Amino acid sequence: MVLASAPGGLEPRELPDPEPGPGELLLEVLACGVCRTDLHIVDAELPDPKLPLVPGHQIVGRVVSGGERFEPGARVGVPWLGGVDGSCRFCRSGRENLCEQAVFTGYTRDGGYAQLAAADERFCFPVPEGYPDLQAAPLLCAGLIGYRALRLAGDAERLGLYGFGAAAHIICQVARHQGRRVFAVTRPGDEEGRAFALSLGAEWAGGSDERPPEELDAALIFAPAGELVPLALAAVGRGGTVVCAGIHMSDIPSFPYELLWEERVLRSVANLTRRDGEEFLDLAPRVPVRTEVEAHPLADANEALERLRTGRVRGAAVLVP
Ligand SMILES: [Zn+2]
Ligand SMILES: [Zn+2]
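Predicted model, so just to flag it, every value in this text is computed and none were measured.

**Student:** Explain the pairing of strand E3 (residues 24–33) to me, and be specific about the residues and the numbers.
**Tutor:** For E3, the tally of buried residues reaches nine of 10 residues, placing the bulk of the element in the interior. Both E3 and strand E8 (residues 116–120) contribute to a ladder of five bridges, which runs antiparallel. By the bridge assignment for E8, Glu28 is matched with Leu116. Sheet topology places E3 next to strand E4 (residues 59–65); six bridges connect them, and they run antiparallel. In the sheet register, Leu27 faces E4, and the bridge partner there is Val63. Bridging between E3 and strand E17 (residues 316–320) involves two bridges; their strand directions are antiparallel. Across the sheet, the residue bridging to Cys32 is Leu319, located in E17.

**Student:** Run through the nonpolar core, naming residues and quoting values.
**Tutor:** Residues Leu161, Ile171, Ala184, Leu220, Ile221 and Ala232 are the most contacted members of the largest nonpolar core, which totals 107 residues. Considering each element in turn, this core owes the most residues, eight residues, to helix H5 (residues 166–177). Viewed by domain, this core spans two of them, domain 1 (2–141 + 271–320) and domain 2 (144–268), each represented by three or more residues. Setting aside anything within four residues of it in sequence, one finds Leu220 in contact with Ala149, Leu150, Ala153, Leu161, Tyr162, Ile171, Val243 and Ala245.

**Student:** Got a sec to walk through the environment of Gly73? Specific residues and values, please.
**Tutor:** Inspection of the secondary structure puts Gly73 in the loop between E4 and strand E5 (75–78). According to the C-beta neighbour criterion, Gly73 is exposed, with 9 such atoms within 10 Å. C-alpha of Gly73 to C-alpha of Ala149: the two residues are 76 residues apart in sequence and 33 Å apart in space. Once residues lying within four places of it in the same chain are set aside, the contact partners of Gly73 are Arg62 and Val63.

**Student:** Explain helix H9 (residues 301–309) to me, using residue names and the numbers behind them.
**Tutor:** Residues Ala301, Ala304 and Leu305 constitute the buried set of H9. Seen end-on, H9 carries its buried residues on one side only, within an arc spanning 100°. In this structure, the buried residues of H9 make contact with strand E2 (10–11), helix H1 (36–42), strand E16 (293–297) and E17. One or two steps after H9, the chain reaches Gly311, where phi turns positive at roughly 70°.

**Student:** For the packing of helix H4 (residues 142–152) against H5, give the residues involved together with the corresponding values.
**Tutor:** The geometry of H4 relative to H5 is characterised by a closest axis approach of 8 Å and an angle of 55° between their N-to-C directions. The orientation of H4 with respect to H5, classified from their angle, is oblique. The handedness of the crossing between H4 and H5 comes out as right-handed. Here Ala142, Gly143, Ile145, Gly146, Tyr147 and Leu150 of H4 lie close against H5, whose contacting residues are Ala166, Ala167, Ile170, Ile171, Val174 and Ala175.

**Student:** So, the domain arrangement of the chain: which residues are in play, and what are the values?
**Tutor:** One can read the domain layout of the chain as domain 1 (2–141 + 271–320) and domain 2 (144–268). Its C-alpha centre places domain 1 at a distance of 25 Å from the equivalent point of domain 2. The partner domain 2 presents 17 residues to the 24 residues of domain 1 that form the contact. Among the elements of the structure, H1 and helix H8 (274–283) are those that each provide at least two residues to the side of domain 1 that touches domain 2. With four residues, the single largest contributor to the side of domain 1 that touches domain 2 is H8. Counted by class, the side of domain 1 that touches domain 2 contains 13 nonpolar, six polar and five charged residues.

**Student:** Give a detailed account of the environment of Leu150, specifying residues and quantitative values.
**Tutor:** With respect to the secondary-structure elements, Leu150 resides in helix H4. With 49 residues separating them along the chain, Leu150 and Gln101 place their C-alpha atoms 26 Å apart. Not counting the four nearest positions on each side in its chain, Leu150 is found in contact with Ile171, Val174, Ala175 and Leu220.

**Student:** A description of unusual backbone geometry should follow, citing residues and the corresponding values.
**Tutor:** Of note, the amide linkage connecting Ala6 to Pro7 takes the cis form, showing an omega dihedral of 0°. Turning to its location among the elements, Pro7 is positioned in the loop between strand E1 (2–3) and E2. The amide bond that connects Leu51 to the next residue, Pro52, takes the cis arrangement and shows omega of -10°. Following the sequence through the fold, Pro52 ends up in the loop between H1 and E4. Positive phi, normally seen in glycine, also occurs at Ala44, with a value near 60°. Counting through the fold element by element, Ala44 comes out in the loop between H1 and E4. Accessibility expressed as a C-beta count within 10 Å gives 14 for Ala44, which makes it partly exposed.

Quick notes on the rules
Sequence order sets the numbering: in each chain, residues are counted from 1 along the sequence as written. Each chain takes a letter, starting from A, and each ligand takes a number, starting from 1, following the order in which they are written. Only residues with pLDDT of at least 70 get local features here, since the model is predicted, and only at 80 or more are side-chain atom pairs given and counted; chain-wide, interface and lining totals rely on the full set of residues. As a rule, residues whose C-beta atom has 12 or fewer other C-beta atoms within 10 Å are exposed, those with 20 or more are buried, and those in between are partly exposed; C-beta atoms are placed from the backbone. A run of H or I in DSSP becomes a helix once it reaches four residues, and a run of E becomes a strand once it reaches two; helices and strands are each numbered from the N terminus. DSSP-based pairing: two strands are paired if at least 2 bridges between them are found. We call a set of buried Ala, Val, Leu, Ile, Met, Phe, Trp, Tyr and Cys residues a nonpolar core when their C-beta atoms link them within 7 Å. What counts as a domain boundary in this text is fixed by an automatic or database domain assignment. Contact criterion: two residues are in contact if their C-beta atoms, reconstructed from the backbone, are within 7 Å. Working note: the arc is built from the helix axis to C-beta atom directions. In this analysis an axis means a line fitted to C-alpha atoms, helices contributing only their contacting stretch, and an angle means the value between N-to-C directions, from 0 to 180 degrees. Small angles under 35 degrees read as roughly parallel and large ones over 145 as roughly antiparallel, with 65 to 115 read as roughly perpendicular and the rest as oblique. A crossing counts as left-handed when the near helix is turned anticlockwise from the far one by less than a right angle, and as right-handed when that turn is clockwise. Residues are sorted three ways: Asp, Glu, Lys and Arg are charged, Ala, Val, Leu, Ile, Met, Phe, Trp, Tyr, Cys and Pro are nonpolar, and all the rest, Gly among them, are polar.

Now the structure itself:
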């Protein structure tokens, strides 16, 4: 499924097989998760995608050829971070997520909304055993970048999750496993979303028009809605942290300095490092994280994106070629 120009819809196209470069794997795509970032790309909210583009950066694939780390037949996961230069000041200081020359799967190189994909094997992960292809796909971005956001929240005990989609439904389980208390904030009136959050261990779930019943130590904002930022700052206590976990967000309304005062921290999380991936994929089966997915045929990618846009996906949407 190809994005020819942005903004735009995806169209089915017959493309030549990808030709893996040195150090790259040729993969048969088994499943590819749908991420909100894909929506930001097709809506032209992110600048300069490769065009035409095959989107998709939560690929579970089977190795067809190539590679020293992975044998043919091995199941690998391909995440958003598709490559770095290894030499810039960020790479050299353990912050490859901020690499100035990074390439991104399904954004600046072709991704997994396809039958075949190529990927640099140094950025691929072994898929944890015990996760079928569909259930593994959302671990690769929703899980992984959600986990990085959780780590940036420090040792917060009372954790707010704003927006209860693919990332929050995974991170809620991880946070409970770590002994944290979870407060979920959904769209006002989203009864199904509340019930879903409570079923995964949140002790309270309410709309963004309500304030959680206790002061929070940290809040993770997964919804791309800037108006949640002052609300989350108002909900965290002194020294609390608010992490914006998405790649794009609508403008943040102005707010009184008082909301930031007393050493509250407001920050974003960008991309992932390979270490984040290794840590999270090691942790997920031990929680154990169970992902809830809805499968769509690859040809229905536009419908899957539309369901995500309108908040109708429970858990994560995954495309199957
Ligand atoms: Zn993503
Ligand atoms: Zn770099």
